[in-house]
Amino acid sequence: MQVTVAPLHTVSLDKFKKFLKSMTIERESWSLMKGPNNTVDDLYNKYNNKFIDNALIISKDDTAEIIGFSNSLYLNEDDSKMLYVKIMEAFEISIVILKQFQRLGLASMLLKEMEKSLLKFGGKHIIARVSSDNIASNKLFDKLGYTSVYSDIDNFNYKHKRI
């Protein structure tokens, strides 16, 4: 299967909506991310910054269907305190691949591209908040050189990597 990693702004709102709908069906947490005051349009606009590629998509070349998404959030001092991680100049990242495309190395590919993108914007550290129950994600971050720096009472591991 051939895939392409690209900034979110290279795809239409309709394609992004279709992807988010698939994610909402697969994972309750994605419907919670939308929240009562955030529409899919709001999420698209939030992550669709043509000047800062803080959101990347991975799509199948033959159909241009979005099959994965990664985004980043710059952590300011207050965010770092809230996350119990005392690391400055850090980005918190999130990554997701549709279930039927998992275990094909796509998350690893998308994560490496996000690291390259963040380096361009002066990122020095990446933090990932990973559910302790998500064994595959924990293994992915460990394999790519992330270390556990904290586990919270909500059953999340905080992984860190200096880039």
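These lines cover the structure that appears in this document, whether it is placed above or below. (Residues numbered from 1 in each chain as written. Predicted model: local features only at pLDDT ≥ 70, side-chain atom pairs only at ≥ 80, totals over all residues. Heavy atoms only, no water.)

Things to note about the sheet that holds strand β7 (residues 156-162)
The test is simple: Any two strands between which DSSP finds at least two bridges are classified as paired. Secondary structure elements are taken from DSSP: a helix is a run of H or I of four residues or more, a strand is a run of E of two residues or more, and numbering for both begins at the N terminus. Structural elements are reduced to axes, namely lines fitted to C-alpha atoms, with helices fitted over the stretch in contact, and the angle between N-to-C directions of any two is expressed from 0 to 180 degrees. Note on contacts: a residue pair qualifies if any of its non-hydrogen atoms lie within 4.5 Å across the two residues.
With mixed pairing, 7 strands are arranged side by side in an open sheet as β1-β2-β3-β4-β5-β7-β6. Strand pairing shows two members of the sheet lacking a second neighbour, β1 (3-7) and β6 (147-151), which therefore form its edges. Direction aside, neighbouring strands of the sheet carry axes that sit 25° apart on average. Two elements, strand β3 (residues 66-75) and strand β4 (residues 90-97), share 8 bridges in a ladder whose sense is antiparallel. Each residue of the ladder has a partner; that of Y74, found in β4, is F91. Contacts from helix α5 (residues 106-120) reach β1, β2 (55-60), β3, β4, β5 (125-131) and β7, with the element oriented near 155° to β4.

Focus on the environment of F141
Counted only if it meets this: Throughout, exposure labels follow a simple rule: accessible area from a 1.4 Å probe, protein chains only, divided by the maximum for the residue type, with under 20% read as buried, over 50% as exposed, and the rest as partly exposed.
Along the chain, F141 falls in helix α6 (residues 135-143). Classification of F141 as buried rests on a relative accessible area of 3%. Residues F141 and K159, spaced 18 residues apart in sequence, show a C-alpha to C-alpha distance of 7.2 Å. Every residue in contact with F141, bar those within four places of it in the chain, is listed here: I93, I95, L111, A128, V130, Y146 and K159.

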